[in-house]
Amino acid sequence: MIDGTFIDGALVCRDAWKEKKFKDYNFEALGAPPAAGYFHPLMKVRSEFRQIFLEMGFVEMPTNNFVESSFWNFDALFVPQQHPARDVQDTFFVSDPAEATSFPPDYLERVRTVHSKGGYGSAGYNTEWSEAETRKNILRTHTTAVSARMLYKLAQQKEFTPAKYFSIDRVFRNENLDATHLAEFHQIEGVVADYDLSLGHLIGILHAFFNKLGITKLRFKPAYNPYTEPSMEVFSYHEGLKKWVEVGNSGVFRPEMLLPMGLPENVSVIAWGLSLERPTMIKYGVDNIRDLVGHKVDLQMVQANPICRLDK
């Protein structure tokens with residue numbers, strides 16, 4: 001006869017365990033699986049992208065400030081103050097605190113001048129430039145605001161040294177919500193600063209980057225962007241859809257953005273970006289972005305989705 005299957009504190013304290021007969025332990029039996037957390041598909045794909053950037057020698061930028069001033073988000077990038085992207089229909093404005101107060105004063109004046117009067121070989125926009133507009137706080141609409149801060153910091157060094165930066169973090173836009181758009185999403189961005197970089201360097205690094213994703217068929221289409229010239233949309237051939245689909249945007253930062261920072265005239269900066277959600281939806285077969293992010297997410301999907309290998 002078996003009196004017990006386990007020893008508790010009372011049995012030990014009274015030495016009563018010596019008088020009981022216990023069931024033999026089966027050390028080959030499997031225990032109950034411990035409860036554990038699971039990585040969301042977005043985090044799995046993010047980890048893959050991050051590893052690719054690190055393998056290519058990039059340094060991760062600090063992106064922990066979701067609230068940004070209009071100066072760093074728009075004006076430092078040579079985006080005109082009359083641009084529609086700066087309207088409430090596209091951007092979330094912060095009410096408290098409504099304004100930023102700290103800017104590099106000399107740099108602020110150079111940005112004001114290149115916008116309103118031109119400079120560095122540019123005619124500028126020849127419009128009035130409002131400091132009140134540039135002080136407005138917003139939820140950042142792109143991580144390029146962080147790139148601008150990092151490039152300005154790089155320009156303040158006594159001697160310029162080439163740099164490669166990347167970031168993967170959330171941005172916010174006043175979008176109409178549907179199956180493919182949310183007001184909050186992730187932007188992946190790569191930036192390279194070096195002497196005499198050209199469009200050929202940009203195309204070459206885009207091929208190297210997307211090859212690591214398993215994407216080998218690329219096409220490039222001219223595009224417009226206020227802070228890059230030339231600018232290109234990046235297309236890849238989708239074997240499943242049997243057509244070319246857009247996978248990112250890229251370009252060479254304009255002198256009107258770089259020279260007011262204090263970077264040398266022969267330094268060029270190439271950059272590209274894409275979303276994190278789109279490749280994640282393709283990788284895991286998700287048709288509606290609201291099934292990937294938000295209150296409709298199926299927790300069983302989070303637990304059961306496989307590991308991510310972007311090159312497979």
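Residues numbered from 1 in each chain as written. Predicted model: local features only at pLDDT ≥ 70, side-chain atom pairs only at ≥ 80, totals over all residues. Heavy atoms only, no water.

(A) A look at the overall build of the chain. Each helix and strand in the chain was counted, giving 10 helices and nine strands. Taking the principal axes of its C-alpha atoms as reference, the chain extends roughly 95 × 50 × 45 Å. Across the 312 residues that make up the chain, the buried fraction comes to 44%. Once local pairs closer than 6 in sequence are excluded, the contacts in the chain between residues at least 24 apart make up 68%. (Helix = DSSP H or I, 4+ residues; strand = E, 2+ residues; numbered from the N terminus. Buried < 20%, exposed > 50% of the residue type's maximum accessible area, 1.4 Å probe, protein only. Contact = heavy atoms within 4.5 Å.)

(B) Layout of the nonpolar core. In terms of nonpolar packing, the biggest core is built from 35 residues, with Phe-71, Trp-72, Tyr-107, Leu-151, Phe-253, Met-257 and Met-261 touching the most fellow members. Where this core is concerned, the elements lending two or more residues are α3 (70–73), α4 (105–116), α6 (144–155), β4 (163–172), β5 (184–195), α8 (255–258) and β9 (267–275). Per-element tally for this core: the top contributor is α6, with seven residues. When residues no more than four places from it in sequence are discounted, the contact partners of Met-257 are Ala-76, Leu-77, Tyr-107, Leu-151 and Tyr-227. The next biggest cluster of nonpolar side chains, apart from the first, holds 34 residues, and it includes Phe-58, Leu-182, Leu-197 and Ile-205. (Core = buried A, V, L, I, M, F, W, Y, C linked by side-chain atoms within 4.5 Å.)

(C) Quick peek at the pairing of strand β8 (residues 243–253). Across nine bridges, the pairing between strand β7 (residues 228–238) and β8 is antiparallel. Bridge pairing in β8 places Ser-231 opposite Gly-251. As defined by bridge partners, β8 adjoins β9 across four bridges and the pair is classed as antiparallel. Looking at β9, one finds that Val-252 is bridged to Ile-270. (Pairing = 2+ DSSP bridges.)

(D) Seen up close, the packing of helix α2 (residues 41–55) against helix α9 (residues 277–284). Where α2 contacts α9, the axes come no closer than 10 Å and their chain directions differ by 110 degrees. Taken together, the axes of α2 and α9 lie roughly perpendicular to each other. At the point where α2 passes α9, the crossing takes the right-handed sense. Two secondary-structure elements touch here, α2 through Pro-41, Leu-42, Lys-44, Val-45 and Phe-49 and α9 through Glu-277, Pro-279, Thr-280 and Tyr-284. Its residues assigned to classes, the contact of α2 with α9 comprises six nonpolar, one polar and two charged. (Axes fitted to C-alpha atoms, helices over the stretch in contact; angles between N-to-C directions. Parallel < 35°, antiparallel > 145°, perpendicular 65-115°, else oblique. Left-handed = near helix turned anticlockwise from the far one by under 90°. Nonpolar A, V, L, I, M, F, W, Y, C, P; charged D, E, K, R; others polar.)

(E) Representation of the packing of aromatic side chains within the structure. One pass over the structure, following the stated rule, counts 19 aromatic pairs. Between Phe-53 and Trp-272, the ring centres sit 6.2 Å apart and the planes meet at 25 degrees, which makes this aromatic pair stacked. Of the two residues, Phe-53 sits in helix α2 while Trp-272 sits in strand β9, which places them 219 residues apart along the sequence. A single burial state applies to Phe-53 and to Trp-272, both of which are buried. Ring geometry for Phe-71 versus Trp-72: centroids 5.2 Å apart, planes at 85 degrees, classification edge-to-face. Judged by its relative accessible area of 4%, Trp-72 falls in the buried class. Pairwise contacts between aromatic rings join Phe-49, Phe-53, Phe-58, Phe-166, Phe-209, Phe-210 and Trp-272 into one cluster. (Phe/Tyr/Trp six-rings, centres within 6.5 Å; stacked < 30°, edge-to-face > 60°.)

(F) Representation of α6 within the structure. For α6, with 12 residues, the first-to-last C-alpha span of 16 Å sits near the 16 Å given by 1.5 Å per residue. With 10 of 12 residues buried, α6 lies mostly within the body of the structure. Three or more residues of α6 are buried, namely Thr-144, Ala-145, Val-146, Ser-147, Ala-148, Met-150, Leu-151, Tyr-152, Leu-154 and Ala-155. (Expected span 1.5 Å × (residues − 1).)

(G) How the structure looks around the environment of Gly-9. Residue position: Gly-9 is located in helix α1 (residues 9–13). Once the C-alpha coordinates of Gly-9 and Asp-287 are considered, the two residues, 278 residues apart in sequence, prove to be 55 Å apart.

Everything listed here is a matter of geometry and, on its own, says nothing about what the molecule does.
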